[in-house]
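If you want the building blocks of each chain, they are given just below.
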Amino acid sequence: MKLRHFALSLAAVSVLSACNLTDDNDKEVNALEEQVAALQAQLDTLNEASVSDLASLQATADAMQAELSAMETALAALQAQSDASTASEDVIALQAEIDTLQAELEALMATAPILGSAGTEGANILAKDSDNILRFAVFPDTQGRDDDNMIVYADVDRDGNTLAVKEYIGVDYNGDGYYDAGTESQNDAVKEGDWDEDGISYLVNVMDPFHPFIETDDAGEPIVVAPEDRQDFGPDWKVLPLPLVEAVTDKMIELGVDMVLATGDITEYRAESDYVQWMEKVAQPLIDAGVSIFPARGNHEVVNGRNWPAWFTNEQEWERQSVNNVYNDINPYDGYEQVDFDQGYRLYQAYTGALVQEHLDAGTAVGFPGAEDLVYYVIKDKTLFIALDFYFAELYSSAYRGTWTILHEWLTEVITTNAADVDHIVAFGHEPLSTKKRPQTYQVEIYDAYVAERLSLEAALEEAQATLDNAVAGDASDEEIAVYTNAVEAATSAYEELEEPSLNGYDIGQLGYLQLQDEADPGLASDILNLFNDYKVTYVAGHDHQYARSLIHPSVEDKDTANGFTQIIGGNASWKAYEDLYGMHDEHETGLFINNFYDTITGGNLTNSEGTSYASVTSDLGNGISFVVVEINGRQITTKSYFADHTLTEVDMNLGAYYDYTENSWCTFSGDYMVTGAVTTETCAEVEWQVLDENTRTTDATMRVVAPDQNYYAHSKASSDDGYIGSEATIIDGYNLTYNSSYAASVGEVERLRELLTMSWFVDDDATTLSDVLQISGNQTQEGSYFDQYGYVSLPTVDVDNSTLAQGESASLTYVNQNGEEVNNPTHVTRDGVFNKGTDIETSLNPDIVNGNPSGNDANWTERYLDDGLDFADAMTLVFAAPEGETLTDLTIGRYDEATESWVPAFADECYIESGYSDHYSVYYRLTDQHPEGGFQISNCQQRYWGYVKDSNTIWGFIHTDGKFAVIEK
């Protein structure tokens, strides 16, 4: 829009000239005239400003015109005055007004760059037609655990003869069939009290992991392994969950990812052994496959994870053993006091930080000044990646609350400087903005109150003790000393009885830290959240040991709307798991998907048939692993969460469990541990990966957040530029009746998740399609399951005898129709926690095929629910405008079949109905005795009807899946 000309009247100049004003005033008027002329010229060239801003500016200019007109009258009155000071004041006022207008113009001309404005050119191209797709994966938390699970030691030789020595049976890290590091340290350093105080490692044969023995030489003496020859790691050292991380690494390579973002917690307690193993088992295979790795630090690379609350209150434990020095003689405590250590930075620099340094040296990464290898950015294929570190602000404790304050200006500059040239921005760091395992921001006040009270009680105790000490030193009477002694006892009792709230310190998510730092830097939280929202940043994190997808909103008013940016918590590849304790943020988050997998069964000792306990299994383990892959195709971004169940524990690694790369299998051993004559059995099972959650959209997509029981209505139109036809489509009916629910235990709330519905347009060179291609996403992600805090699904009760559904845990099992009656939800899903995506509608819904339904409309949906293994989510009515010049009745809506890579009709011929769409076809308004208007009911076609509306030249019909749709010939 071009701003219309406005002429600022300069009649005031002639009025001023007629007055007896000084030359100085004449110069001011001339200067004003020049500025006004220059301002007019600038405004004439301002063609690209936004309509709203231009309208505001035009209004300001009009107001200025009016003011200048009034100035003419005011200045005319000056002719009768001899004092020029009034005129000077008026000129100054005029100058101020023009300065204000000039500032507004400059602000308008300095509008923020638009994301992707100089990025991908032309229309959106389907991924199948694209030759430039970037895939990156998110490697989640992998931290290891102590190798301290085995209770029984090896003390026999190959023939079962008891030896005079014994040896711990640790994890065979290099898989050569021997464990060779049975002392507490690679350097033979022994701590007082260790059982193995001789500091010697004996070679243990673990080829049969249920019958280990110590190898002996020809003389029958136990074979000793020198420190420099040991290939495994000592007892109580940290060992990564090797079968888990190797399976994830292998799958990422299989999927052909180009990059991996490692979101931290690759170690436990800063252990160097974890670093060494991660570099060998994760980084090296990825690098060998041509994958670039970009890491960020987690809190466990910085602090002792076992003492999280104390870290934040400056009461850090002093545990040198957590470093487990392996090769590099790195001592993070050297030269530091007890608490003031280097945060494990030296270890980081030697391992994962070295990967960043390679990118910095090559010029492919740019770092934040002073912390280049911790906070940095990379641009690849028109995507900006920003690595964040939340622990670099100072050396220890909660001082890192200043991270956002320090990065505020840098982040703004990096994003706004590069936004126009990239299509997507991805920020990644360890901690989520909104965490699911820790309290939200408002609960920090409880902990702050506890700390304040504790400090007060400490001071009271010190004062009471000082008073008593002074009384004793001053020869006070026995009565006075007794009073002071009682005061000390009371103060001591009050201090000792004060209980710390179970809030795990200040681990409140980065939303909490933003708001805490906002107190020192007002406006910080709003600035960062709006910055991320304006540029549609995808924020990727770890820390929670689970998967979650949500929208983060800049303000509470935006909650449950599409005005937000995506947060992804990237899964888990460690032993440790967490419950869903605090759920979605009350004010700034809309939940879209959550998958936590906490095993409530593990824990306890394993015992053989002779009653001997030989190993201790840790509790609080996960029963699955997951990671995220993101695919970038121009303006399109697609996220997928991969998940695989497992029942492995740390003890399984001690007992020989491994990942078989050639067969994509986990192999475990079973038997009667160390019982003579017992047989050991090896069992291998394929790792069954499944995509639990998937969402795709373009940056120019139509988006809607759809709440439970809410209509999916949305209208979208393709552009008429860049090769598009300019097609239009509308979802006119369909309700979100298959929403998932998740129980957040600590707040005692059942949260009903939302759907993010997106409609994206693409051009297609396939002659089959007669319209632009519409890709719909967001319907086929949830299937109505209820998850408890551990991630277990509460299955609905089914009355098989009567072929009906009984009320179960899931709130989506029933809904209230337009008559206020609670009726069964007929949507075709099985609420088992997994969305089994159906793609061939003919096969799954046709009553003449084996998996179809018997007969009769009323029985259809119940039988489908009970017997059919495929899920079809909510029925939505899609209306597509037919292209001009085509015969409407020759057309239908097509669906792209990914399996056959071809376009097929989205509707069945037998379900065509000679009428426009009616609410009577709707799931929401359907009653068991209600039929379509006009007597057009067709057996077995509920929520499968389709037809034409000739007056509007449109095609309508029910769809049950996400996917690509276009107008095709019948």
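A quick note: this is a predicted structure, and the numbers were derived from the prediction, not measured. (Residues numbered from 1 in each chain as written. Predicted model: local features only at pLDDT ≥ 70, side-chain atom pairs only at ≥ 80, totals over all residues. Heavy atoms only, no water.)

Here we come to the nonpolar core. Counting 130 residues, the largest nonpolar core has Trp278, Ile386, Trp404, Leu411 and Phe532 as the members making the most contacts within it. Broken down by element, the residue count for this core peaks at 7 residues, all from helix H6 (residues 272-288). In this view, Ile386 contacts Tyr376, Tyr377, Trp410, Leu411, Val414, Ile415, Ile425, Val426, Ala427 and Phe428; residues no more than four positions away in its chain are not counted. Of all hydrophobic cores here, the second largest spans 40 residues; its members include Ala729, Phe880, Leu891 and Phe965. (Core = buried A, V, L, I, M, F, W, Y, C linked by side-chain atoms within 4.5 Å. Buried < 20%, exposed > 50% of the residue type's maximum accessible area, 1.4 Å probe, protein only. Helix = DSSP H or I, 4+ residues; strand = E, 2+ residues; numbered from the N terminus. Contact = heavy atoms within 4.5 Å.)

With that settled, consider the packing of aromatic side chains. All told, the structure shown has 30 aromatic pairs when counted by the stated rule. Between Tyr377 and Trp410, the aromatic rings sit 6.2 Å apart at their centres with planes inclined by 50°, giving tilted as the arrangement. On the criterion of sequence distance, the pair formed by Tyr377 in strand E14 (residues 371-380) and Trp410 in helix H10 (residues 403-418) is long-range, its members being 33 residues apart. Accessibility assignment for this pair places Tyr377 and Trp410 in one class, buried. Grouping aromatic residues by their ring pairs yields a cluster made of Phe390, Tyr391, Trp404, Phe532, Tyr539 and Phe565. Directly above the aromatic system of Tyr348 lies the positively charged group of Arg297, at a separation of 5.9 Å from the ring centroid. (Phe/Tyr/Trp six-rings, centres within 6.5 Å; stacked < 30°, edge-to-face > 60°. Lys NZ or Arg CZ within 6 Å of the ring centre and 35° of its normal.)

Okay, the environment of Tyr535 next. The residue Tyr535 is located in the loop between helix H14 (524-534) and strand E17 (538-541) in this model. Remark: the alpha-carbon pair of Tyr535 and His424, spanning 111 residues in sequence, is separated by 8.1 Å. Ignoring sequence-local partners within four residues, the contact set of Tyr535 consists of Ala112, Pro113, Leu115, Ile415, Thr416, Ala419 and Ile425.

Note that strand E34 (residues 741-744) and strand E35 (residues 749-752) share 4 bridges and pair antiparallel. Opposite Ser742, over in E35, you have Glu751 as the bridge partner. Hairpin remark: E34 followed by E35, antiparallel, with 4 residues in the connecting loop; positive phi at Gly748, about 65°. For E34 and strand E38 (residues 786-787), the ladder comprises 2 bridges, and the chain directions are parallel. In the strand pairing of E38, Ser741 is matched with Tyr786. (Pairing = 2+ DSSP bridges.)

Here we have 6 strands laid out as an open sheet, ordered E12-E11-E1-E25-E26-E30, and mixed in their pairing. Two strands in the sheet have a free side with no partner beyond their single neighbour: strand E12 (292-295) and strand E30 (690-698). Neighbouring strand axes in the sheet, compared pairwise and without regard to direction, differ in orientation by 20° on average. Two strands pair when backbone bridges link them, and strand E26 (residues 636-645) and E30 are joined in this way by 8 bridges, in the antiparallel orientation. Within E30, the residue paired with Gln636 across the bridge is Thr698. (Axes fitted to C-alpha atoms, helices over the stretch in contact; angles between N-to-C directions.)

To characterise two packed helices, one gives the angle between the axes of the helices and the distance between these axes. Relative orientation of the contacting elements helix H13 (residues 509-518) and H14 amounts to 140°, with a least axis distance of 7 Å. By the angle between their axes, H13 is oblique relative to H14. Where H13 abuts H14, its residues Leu511, Leu514, Gln515, Gln517 and Asp518 lie against Leu524, Ala525, Ser526, Ile528 and Leu529. (Parallel < 35°, antiparallel > 145°, perpendicular 65-115°, else oblique.)

Our next topic: unusual backbone geometry. Phi angles above zero are rare outside glycine, and Lys382 is one such case at about 60°. Looking at Lys382, the relative accessible area reads 36%, which means it is partly exposed. One non-glycine residue, Asp560, lies in positive phi territory at about 65°. Note on placement: Asp560 falls in the loop between strand E18 (546-552) and strand E19 (565-571).

Moving on, we get to the pattern of salt bridges. One pass over the structure, following the stated rule, counts 13 salt bridges. Here Glu589 ties to Lys436 by a salt bridge, and the two come within 3.0 Å at their closest N and O atoms. Here Glu589, found in strand E20 (residues 589-595), pairs with Lys436, found in the loop between strand E16 (424-428) and helix H11 (444-473); they are 153 residues apart in sequence, far enough to count as distant. A relative accessible area of 0% places Glu589 in the buried class. (Salt bridge = Lys/Arg side-chain N within 4 Å of Asp/Glu carboxyl O.)

On to the side chain of Asn596, then. When you line up the elements, Asn596 lands in the loop between E20 and strand E21 (598-599). A distance of 2.6 Å separates the side chain of Asn596 from the backbone oxygen of Gln789, its partner in a polar contact. (Polar contact = N/O pair within 3.5 Å; in protein donor to acceptor, adjacent residues only side chain to side chain.)

Structurally, the position occupied by Leu115 is in the loop between helix H4 (85-109) and strand E1 (134-139). In this structure the C-alpha to C-alpha distance between Leu115 and His424, which are 309 residues apart in sequence, comes to 7.6 Å.

The side-chain alternation of strand E32 (residues 714-717) yields one buried face, formed by Ala714 and Ser716, and one unburied face, formed by His715 and Lys717. In terms of strand pairing, E32 meets strand E33 (residues 728-733) through 4 bridges, oriented antiparallel. By the bridge assignment, Lys717 is partnered in E33 with Glu728.

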